[in-house]
Every structure is written in C-alpha cells, then in structure tokens.
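Here is what each chain is made of, one letter per residue.
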Amino acid sequence: MTQEVSSQVLDALLAAAAGAHPRECCGILLGEGGAITSAIRTDNIHARPESHFEIDPQALVDAYRAARSGGPQVLGYYHSHPDGLARPSATDEAMATGQGLVWAIIAAGRVTFWREGDAGFTPLPYEVSPR
Ligand SMILES: [Zn+2]
C-alpha cells in the first residue's frame, strides 16, 4: 500500500529537522488510514538529543486522547538523523513496537517513510498529496 502524505507535512518535517539541527527533532504523525494529513512537533526529551530521540510522553497522551474523541488518528512518529543516514538506525530497530506504526525519518534533506513490523522496518513508498 502506498502512503499518502500532504506536502504541508513534508515541508513541516524538513523545517523541524533543520530547526533542531544538530539535535534530533521528533514528533507525531496524524491522519486517517493511508493518509498522513498533519504532524505535531514535540520536545525531544532524551538526555542525548544529538543522537537519540524520545517524544514528550505528555504529547503522546494528548494525541491519543484527541484521537479517541474523534480527532485524527495517531499513525506514527517522526524524527531526524542530523548527520546520519536516511534509514532506521540500530537504536530505532530496538525501539520499534511492532504495532505497524509509520516512522518518518528526515536525513540529508529528505524525508523517508518506514513501516515497523515483526521483522523490523520496511520502506514505505509514498505519494505527495497537495494538501
Ligand atoms: Zn533514528
């Protein structure tokens, strides 16, 4: 299945990565089904944000609560690799929940999407939608 991503979300992710450099940015991807329609930027509360990320847990609680009361669904997370590769790192593999969430990774000036599964991450092709 091809993921749909709005061009606004792609722009926001690239801007978040550039703004956080040399630290990792992170946040939450929202949408419905196969379409990512918005993203929430959250604080990176990890003690070593130059090489790790940890999404502010309160932001996650708020996002899941909003989803339960009719808001957009939590489809996954994003973070950047300030000087790393545009693919999941060993740390990311260890953090994956296996729940089928989408991970966006921003590196080298582009955004890549991945789906986590029981066997690790698989590349997720995507199409840009105008809104
Ligand atoms: Zn990573």
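Heads up: these notes are all about the structure in this document. The model shown is predicted, which means the values in this text are computed figures rather than measured ones.

Looking at the environment of Ile55
- Within the secondary structure, Ile55 sits in the loop between β3 (35–42) and α2 (57–68).
- The sequence separation of Ile55 and Ile105 amounts to 50 residues, and the corresponding C-alpha distance is 14 Å.
- For Ile55, the contacting residues outside a window of four places in its chain are Cys26, Gly27, Ile28, Thr42, Asp43, Ile45, Leu60 and Tyr77.

Some details on the packing of aromatic side chains
- Scanning all chains against the criterion turns up four aromatic pairs.
- Centre to centre, the rings of Phe53 and Trp103 are 6.0 Å apart; their planes meet at 80 degrees, and the pair counts as edge-to-face. Taken together, the residues Phe53 in the loop between β3 and α2 and Trp103 in strand β5 (residues 102–107) connect sequence positions 50 residues apart.
- Take Phe53: its relative accessible area is 5%, and that puts it in the buried class.
- Residue Trp103 is classed as buried on the basis of its relative accessible area, which comes to 2%.
- Between Tyr77 and Trp103, the ring centres sit 6.4 Å apart and the planes meet at 75 degrees, which makes this aromatic pair edge-to-face. Residue Tyr77 is found in strand β4 (residues 73–80), and its partner Trp103 is found in strand β5; the two are separated by 26 residues along the sequence. Considered together, Tyr77 and Trp103 belong to a single accessibility category, that of buried residues.

Here we look at the nonpolar core
- Leu13, Leu29, Ile36, Tyr78 and Phe113 are the most contacted members of the largest nonpolar core, which has 18 residues in total.
- Looking at this core element by element, the count peaks at six residues for helix α1 (residues 7–20).
- Counting residues in hydrophobic clusters, the runner-up holds 15 residues, among them Cys26, Ile28, Val74 and Tyr77.

Thoughts on the coordination of the zinc ion
- Coordination of the zinc ion by the protein is provided by His79 (NE2), His81 (NE2), Asp92 (OD) and Asp92 (OD), with metal-donor distances spanning 2.0 to 2.5 Å.
- Classification of the site at the zinc ion as irregular follows from its four donor atoms and the range of 56 to 155 degrees in their angles at the metal.
- Between consecutive donors of the zinc ion, the numbers of intervening residues give the motif H-x1-H-x10-D. With His81 in the loop between β4 and α3 (90–95) and Asp92 in helix α3, this residue pair connects regions lying eleven residues apart in the sequence.

With respect to α2
- Counted at 1.5 Å a residue, the expected span for α2 with its twelve residues is 16 Å, and the 17 Å between its end C-alpha atoms agrees.
- Residues Ala59, Leu60, Ala63 and Ala67 constitute the buried set of α2. For α2, the arc enclosing every buried residue in end-on projection is 100 degrees, short of the 170-degree limit, so these residues lie on one face.
- Summarising the contacts, the buried residues of α2 are in contact with β2 (26–32), β3 and β4.
- Structurally, the start of α2 carries an N-cap: the backbone nitrogen of Gln58 is 3.1 Å from a side-chain oxygen of Asp56.

Definitions and limits used
Residues numbered from 1 in each chain as written. Predicted model: local features only at pLDDT ≥ 70, side-chain atom pairs only at ≥ 80, totals over all residues. Heavy atoms only, no water. Helix = DSSP H or I, 4+ residues; strand = E, 2+ residues; numbered from the N terminus. Contact = heavy atoms within 4.5 Å. Phe/Tyr/Trp six-rings, centres within 6.5 Å; stacked < 30°, edge-to-face > 60°. Buried < 20%, exposed > 50% of the residue type's maximum accessible area, 1.4 Å probe, protein only. Core = buried A, V, L, I, M, F, W, Y, C linked by side-chain atoms within 4.5 Å. Donors = N, O, S within 2.8 Å, 3.2 Å for Na, K, Ca; no water. Tetrahedral: all angles 85-135°; square planar, octahedral: opposite > 155°, others 65-115°. Expected span 1.5 Å × (residues − 1). Arc of directions from axis to C-beta. Polar contact = N/O pair within 3.5 Å; in protein donor to acceptor, adjacent residues only side chain to side chain.

Remember, this is a structural readout, not a statement about activity or role.
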